[in-house]
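Structural features, examined
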Amino acid sequence: MKNVIINKKLLLAIIFFFSILTHQAQHKAKHKLNRSGVVYISIKQYKRIYNKVLTKSDSLNFKFRNNDTLVKVQNYKVPKGISVPYEYKDSSFLSLYKKVAFNHKNDSIDKKTTMKYWKKPIKIYFSKSINKKTKKEFLKFTQQISEKVDSLNISVVKKVEESNYIIYYNNDFEYESRMENYKYTDYYLHWNKKNQLYRCSLKINIDNNFNEKQRLYKLKDFFLRSLGRFKFTNDFNCESFFSDCYSDQKKLSAFDFELLKYHYSYGICKGTTLEIFENQHNNSKKTYKKTGHRIRFIHTD
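The structure contained in this document is the topic of the report that follows.

Conventions and cut-offs
- Residues numbered from 1 in each chain as written.
- Predicted model: local features only at pLDDT ≥ 70, side-chain atom pairs only at ≥ 80, totals over all residues.
- Heavy atoms only, no water.
- Pairing = 2+ DSSP bridges.
- Helix = DSSP H or I, 4+ residues; strand = E, 2+ residues; numbered from the N terminus.
- Disulfide = S-S within 2.5 Å.
- Buried < 20%, exposed > 50% of the residue type's maximum accessible area, 1.4 Å probe, protein only.
- Right-handed = clockwise from strand over helix to strand, strands pointing away.
- Salt bridge = Lys/Arg side-chain N within 4 Å of Asp/Glu carboxyl O.
- Arc of directions from axis to C-beta.
- Contact = heavy atoms within 4.5 Å.
- Polar contact = N/O pair within 3.5 Å; in protein donor to acceptor, adjacent residues only side chain to side chain.
- Phe/Tyr/Trp six-rings, centres within 6.5 Å; stacked < 30°, edge-to-face > 60°.
- Lys NZ or Arg CZ within 6 Å of the ring centre and 35° of its normal.

**Description of the pairing of strand 9 (residues 186-191)**
Strand direction decides the pairing type here: strand 9 and strand 10 (residues 196-204), joined by 6 bridges, are antiparallel. When the bridges of strand 10 are listed, His190 appears paired with Arg199. Turn length for the strand 9-strand 10 hairpin, with the two strands adjacent in sequence and antiparallel, is 4 residues, and the turn residue Asn195 shows positive phi of about 65 degrees.

**A look at the state of the cysteines**
Chemically, a disulfide is nothing more than a covalent bond linking the sulfur atoms of two cysteines. Counted according to the given criterion, the structure contains 1 disulfide. There is a disulfide in this structure between Cys238 and Cys245, and the S-S distance comes to 1.9 Å. By relative accessible area, which is 24% here, Cys238 ends up partly exposed.

**Here's the deal with the pairing of strand 6 (residues 122-126)**
The side chains of a regular strand alternate between the sheet's two faces. Where burial is concerned, most of strand 6 is hidden: 4 out of the 5 residues are buried. Sheet topology note: the strand 6/strand 7 (residues 154-156) ladder contains 3 bridges and is parallel. Following the sheet pairing, Ile124 is matched in strand 7 by Val156. Between the parallel elements strand 6 and strand 7, the chain passes through helix 5 (residues 132-148) in a crossover that is right-handed. For strand 6 and strand 8 (residues 165-169), the ladder comprises 3 bridges, and the chain directions are parallel. The partner of Phe126 across the bridge, within strand 8, is Ile167.

**Considering the pattern of salt bridges**
By the definition in use, this model includes 13 salt bridges. Here Lys203 and Glu174 are joined by a salt bridge, their closest N and O atoms 2.6 Å apart. Separated by 29 residues along the polypeptide, Lys203 in strand 10 and Glu174 in the loop between strand 8 and strand 9 bring together distant segments of the chain. Here Arg225 ties to Asp244 by a salt bridge, and the two come within 3.6 Å at their closest N and O atoms. With Arg225 in helix 6 (residues 212-226) and Asp244 in the loop between helix 6 and helix 7 (254-263), the pair connects residues that are 19 residues apart, well separated along the chain.

**Re helix 4 (residues 91-101)**
For helix 4, every residue scored as buried is listed here: Phe93, Leu94, Leu96, Tyr97, Val100 and Ala101. Down the axis of helix 4, the buried set is contained in an arc of 165 degrees. They therefore lie on one face. Where the residues of helix 4 are buried, they touch helix 7 and helix 8 (274-291).

**Some remarks on the environment of Lys140**
For Lys140, the location among the structural elements is in helix 5. Of the residues examined, Lys140 reaches a relative accessible area of 44% and is grouped as partly exposed. Polar contacts involving the side chain of Lys140 include one to the side chain of Glu137, which spans 3.2 Å.

**Some thoughts on the packing of aromatic side chains**
Taken as a whole and judged by the stated rule, the model has 21 aromatic pairs. With a centroid separation of 6.2 Å and an interplanar angle of 65 degrees, the aromatic rings of Tyr125 and Tyr175 are classed as edge-to-face. Within this pair, whereas Tyr125 is found in strand 6, its partner Tyr175 is found in the loop between strand 8 and strand 9, the two being separated by 50 residues in sequence. With a centroid separation of 5.1 Å and an interplanar angle of 50 degrees, the aromatic rings of Phe141 and Phe241 are classed as tilted. Of the two residues, Phe141 is situated in helix 5 and Phe241 in the loop between helix 6 and helix 7; the sequence distance between them amounts to 100 residues. Residue Phe141 shares its accessibility class with Phe241, and that shared class is buried. Members of the aromatic cluster, connected to one another through ring pairs, are Phe93, Tyr97, Phe102, Phe230, Phe232, Phe236, Phe242, Phe255, Tyr262 and Phe277. A cation over a ring is seen here: Lys89 above Phe93, with NZ or CZ 4.8 Å from the ring centre.

Pasting the structure below:
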């Protein structure tokens, strides 16, 4: 895990200086930079990342910019992938987002908690006992999300083996053995080492959700939670779906969509700990204030 974090820090630093050099090259219209070649990073980051003493030979290639000493990194190749500029959000938005996305327990902040997201399309399978009208209303809800959040694709499949998201009632076949003894409505998520979600089972307990209106509410509520292992909070108005209170008037608000879009935006690094997330934002803001250039994130998978 340590190596992954170091590589991300190196990549972000190099992407920033690569983007500055590219901008300058294009502005002067004299030459273009290739995806491989020479780039520079700050001497502070160089020492932290490479953990070695700089030589006199290294010092001959130093550059100085905005009171920083830059060290040449030889033969660096920018990974192939999608390059996206950092997406700015103000501190009040980020405060709410972190409470939702990093799943803090008992309002305590753990810097090691991670954000989780679906990389691949969500393919839902419904057990046959799900009421058709309830299913239809629920799919209107998921369609809203799928249409408005670019990188989140949600569809329905007819065969369970084609699915990665199963919705069923507690009196159905038990599709997730780990939930066999669950007495309340809940879901079980699977994710990989990159914190990418790849499978979910959502089990509705019909013994304490007596009518279809209550079951539909639970379907929407827990499905939304499962899109990022989100934790709902009372900091939101009760009509918001991200609010941790019951209301039969709940609907996806503009701010709810803004949170979802941001979570699935590629203008932030994905699957990181809270500590890395905060550091990236602080560094990105400082860089923009200092130079007018935005750090870019390269997503390779």
